[in-house]
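Examination of the molecular architecture
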Amino acid sequence: MTTAVFWVLAPLAAASGFMVFRFGSMARATIALLVSFLASGGLLIVLGLAYLGTVVILMMVMEMVIMAVFMIAYMMNPAGLMPMAMFHNKRASLAISLTVFALLAAGIFVTRWPRRAGTAPRDPTFRLGEALMGPQMLTMVTLGVTLLATMVGAVVLATHRGRYDRFGDDLKRRPPTDPARGGVGR
Amino acid sequence: MVTSAPLWSVLVVPALLAGFATVAVAADGLLAARAAHRRVSPAVLAAPLAEVPRLLAAQRRVTPAADTLLWRLGLAAVPVAGVLAAVVIPFGQLTASRMSVGVVWFNAMEVLTWAGLWMAGWGPNAVLPLIGGYRFVAQGLAYELPLMFALISAAAGAQSLDVADIAGAQGHLWFAVWMPAAFAVYLAGVHAFSFLGPFGYPAGRDLAGGVAAEVSGPDRLMLEAGRWLLLTAGAGMAVPLFLGGGAGPLMPAWAWSAVKTLAVVLALVWGRRRLPVIRADRYAELAWVVLIPVAIAQALAVALVVLTTGGTP
């Protein structure tokens, strides 16, 4: 059963990953990438890492949809509806990526994998949480604050209308001038 | 004690889900008839079912230069997401799949509608569906985070991501009682991911149907059935998460599960009829300024209670 699921998901992940570079439409390329990620998430679940696999599915659906929106919005041709490729220099890029894939795949077979020491933990999700949040708590907290600061900074840099546009030069204008009123009546 | 049913029970899930969804659609038709001061008759209740053969026989609408692959894939993703989300919901003492991370699985499957509706909007190469698809993504950015924190609150209260454990942890006090904010946010989230009622914006009347504007025939059936299946799956999940699962006096567990699911379904249908549609940009502000802080405070309160008492208050 597990082997059958593997042989369905693994070629699907590889093939749809390859199709990302074959499709001429940004929408199709993004969805092909999403299918590849979904199959990879399924493979993680098959490996017994249910939490990681499910989170990969959860995050990748949202990320790929948002990526599709931005890729289509920022593409070089108007409205992003003309066919375009996801790569430049077709031959060399194909050769490089196939070589890298072959090298990585060869590595799997050449490596002498160590034997499993001990048994798998009963609850891998809990152990993963402990590993991340126990000894690495400081790293995680630093990482979280850094990511949040990056996001806030990016939004501040990218925002079209700041508080001086809304509240006036002395920040005293009430109510602010907004093109449309928000959901909490500000 | 909830146990895993044999593998074939996965086939029972869509049937059971469709049964509850049919009740929901019939109740919705009934409320519509009452609101229009029409006489309520069996024909009114059966009208949504009579729609099924008509849609199955109807012709598919064709638009020029449509991306048929993505369109069909997106439409199919909506009912598939509803059924897959329902696989982890325990019904009485049985569950089709007792996943150790059932809550996360439910969340992941419900999120599939993001991709589904965006593709369904993109596919037909037409303006109104495209706007509808983008509206759902905007709405998703608003509803998803509060919903996730509501799910986290329930999981933290039971200290488990297993749905059956969460139902079992509500021995003498339902989570809906001591996590009211999480429960309310969750119910709003169910309306949102089934894009019904106040969250019907992506398929709004102002867009001549939005994502559904160019969808006809069997595709239409799939999309419409899909949103009701999602609503029903959300209602079914509310029972183990917040209403104590199959626990209750006198009746067997499966009967309590059915009664509670029906109650949530009917409450959601009633809410869909009573609440006005909210624009995604307005809801985004409400979600990020009010609902996310409230949901985080709720999760924090739950975490503190669990840390001090080791379980329910």
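Residues numbered from 1 in each chain as written. Chains lettered and ligands numbered in written order. Predicted model: local features only at pLDDT ≥ 70, side-chain atom pairs only at ≥ 80, totals over all residues.

1. As for the overall build of chain B
When helices and strands are counted, chain B shows eleven helices and two strands. Along chain B, helices (α) and strands (β) appear in the sequence β-α-α-α-β-α-α-α-α-α-α-α-α when read from the amino end. Its C-alpha atoms give chain B principal-axis dimensions of roughly 60 × 40 × 40 Å. Sorting the 313 residues of chain B into buried and exposed places 53% on the buried side. Sequence separation of at least 24 residues holds for 80% of the intrachain contacts in chain B that already meet a minimum separation of 6. (Helix = DSSP H or I, 4+ residues; strand = E, 2+ residues; numbered from the N terminus. Buried ≥ 20, exposed ≤ 12 C-beta atoms within 10 Å, placed from the backbone. Contact = placed C-beta atoms within 7 Å.)

2. Things to note about the overall build of chain A
Helix and strand counts for chain A come out as seven helices and zero strands. Listing the helices and strands of chain A from first to last along the sequence gives α-α-α-α-α-α-α. For chain A, whose C-alpha radius of gyration is 23 Å, the value lies well above the compact-globule estimate of 16 Å for 186 residues. Within the span of chain A, comprising 186 residues, buried residues form 18% of the whole. (Rg over C-alpha atoms; globule rule 2.2 N^0.38 Å.)

3. A look at the interface of chain A and chain B
Contacts between the two partners involve 23 residues from chain A, matched on the other side by 25 residues from chain B. Among the elements of the structure, helix 2 (26-46) and helix 3 (50-73) of chain A are those that each provide at least two residues to the side of chain A that touches chain B. No other element matches helix 3 of chain A, which puts twelve residues into the side of chain A that touches chain B. Broken down by class, the residue content of the side of chain A that touches chain B amounts to 16 nonpolar, five polar and two charged. (Nonpolar A, V, L, I, M, F, W, Y, C, P; charged D, E, K, R; others polar.)

4. Observations regarding the packing of helix 2 (residues 42-57) of chain B against helix 9 (residues 218-242) of chain B
All names here are of chain B. Packing of helix 2 against helix 9 brings their axes to within 7 Å, and their N-to-C directions diverge by 140°. What the angle tells us is that helix 2 and helix 9 run oblique. Two secondary-structure elements touch here, helix 2 through Val52, Leu55 and Leu56 and helix 9 through Pro218, Arg220 and Leu221. Grouping the constituent residues of the contact of helix 2 with helix 9 by class yields five nonpolar, no polar and one charged. (Axes fitted to C-alpha atoms, helices over the stretch in contact; angles between N-to-C directions. Parallel < 35°, antiparallel > 145°, perpendicular 65-115°, else oblique.)

5. Focus: the packing of helix 8 (residues 180-193) of chain B against helix 11 (residues 280-309) of chain B
Residue and element names in this part refer to chain B. Running from N to C, helix 8 and helix 11 cross one another at 135°; their axes reach a closest spacing of 8 Å. In terms of orientation, helix 8 lies oblique with respect to helix 11. Relative to helix 11, the crossing made by helix 8 is left-handed. Residue-level contacts link Ala181, Ala182 and Val185 of helix 8 to Leu291, Val294, Ala295 and Gln298 of helix 11. Among the residues forming the contact of helix 8 with helix 11, the class breakdown is six nonpolar, one polar and no charged. (Left-handed = near helix turned anticlockwise from the far one by under 90°.)

6. A closer look at the nonpolar core
With 132 residues, the main nonpolar core has A:Leu34, A:Val61, B:Ala115, B:Trp118, B:Ala154, B:Tyr186 and B:Ala238 as its most contacted residues. Top element by residues in this core is helix 5 (residues 127-158) of chain B. It accounts for 16 residues. With residues up to four places along the chain from it excluded, the contact list for A:Val61 reads A:Leu34, B:Val111, B:Leu112, B:Trp114 and B:Ala115. (Core = buried A, V, L, I, M, F, W, Y, C linked by C-beta atoms within 7 Å.)

7. Here we look at the confidence of the model for chain B
In low-pLDDT segments, the atomic positions of the prediction should not be examined closely. With 100% of its residues at a pLDDT of 70 or more, chain B shows a mean pLDDT of 91. Here the predicted complex scores 0.90 on pTM and 0.90 on ipTM. (pLDDT = per-residue confidence, 0-100.)

8. Focus on the confidence of the model for chain A
Looking at chain A, pLDDT values average 86 and 93% of them are 70 or higher. The lowest-confidence element of chain A is helix 5 (residues 124-133) of chain A, averaging 80 in pLDDT; the highest-confidence one is helix 2 of chain A, averaging 93.

9. Section: the domain arrangement of chain A
The domain boundaries assigned to chain A delineate domain 1 (1-107) and domain 2 (122-178). The straight-line distance from the C-alpha centre of domain 1 of chain A to that of domain 2 of chain A is 28 Å. (Domains from an automatic or database assignment.)

10. Overview of the environment of B:Arg205
Turning to its location among the elements, B:Arg205 is positioned in the loop between helix 8 and helix 9. Residues B:Arg205 and B:Val277 lie 72 residues apart in sequence; the distance between their C-alpha atoms is 10.0 Å.

11. Here's the deal with helix 11 of chain B
Since there are 3.6 residues in each turn of an α-helix, residues three or four apart along the chain are aligned in direction. Residue and element names in this part refer to chain B. At Ala287, helix 11 shows its largest kink, close to 45°. Those residues of helix 11 lying buried are Ala280, Tyr283, Ala287, Leu291, Ala295, Gln298, Ala299 and Val302. Elements that come into contact with the buried residues of helix 11 comprise helix 5 and helix 8. Immediately downstream of helix 11, the backbone of Gly310 shows phi near 80°, a positive value. (Bend = angle between axes of the 7 residues up to and from the residue.)

12. Concerning the environment of A:Gly153
Residues and elements named next belong to chain A. As for its position among the elements, Gly153 is in helix 6 (residues 137-158). Looking at Gly153, the number of C-beta atoms within 10 Å reads 10, which means it is exposed. Separated by 149 residues in the primary sequence, Gly153 and Ala4 place their C-alpha atoms 47 Å from one another.

13. A short note on helix 4 (residues 102-122) of chain B
Between its first and last C-alpha, helix 4 of chain B extends 31 Å over 21 residues, near the 30 Å set by a 1.5 Å rise per residue. Of all the 21 residues making up helix 4 of chain B, 21 are buried; the element is thus mostly covered by neighbouring parts of the structure. (Expected span 1.5 Å × (residues − 1).)

14. A short note on the environment of B:Leu151
Residues and elements named next belong to chain B. Along the chain, Leu151 falls in helix 5. In this structure Leu151 comes out as buried when scored by C-beta crowding, with 25 C-beta atoms within 10 Å. The residues touching Leu151, leaving out its near neighbours within four places in the chain, are Val103 and Asn107.

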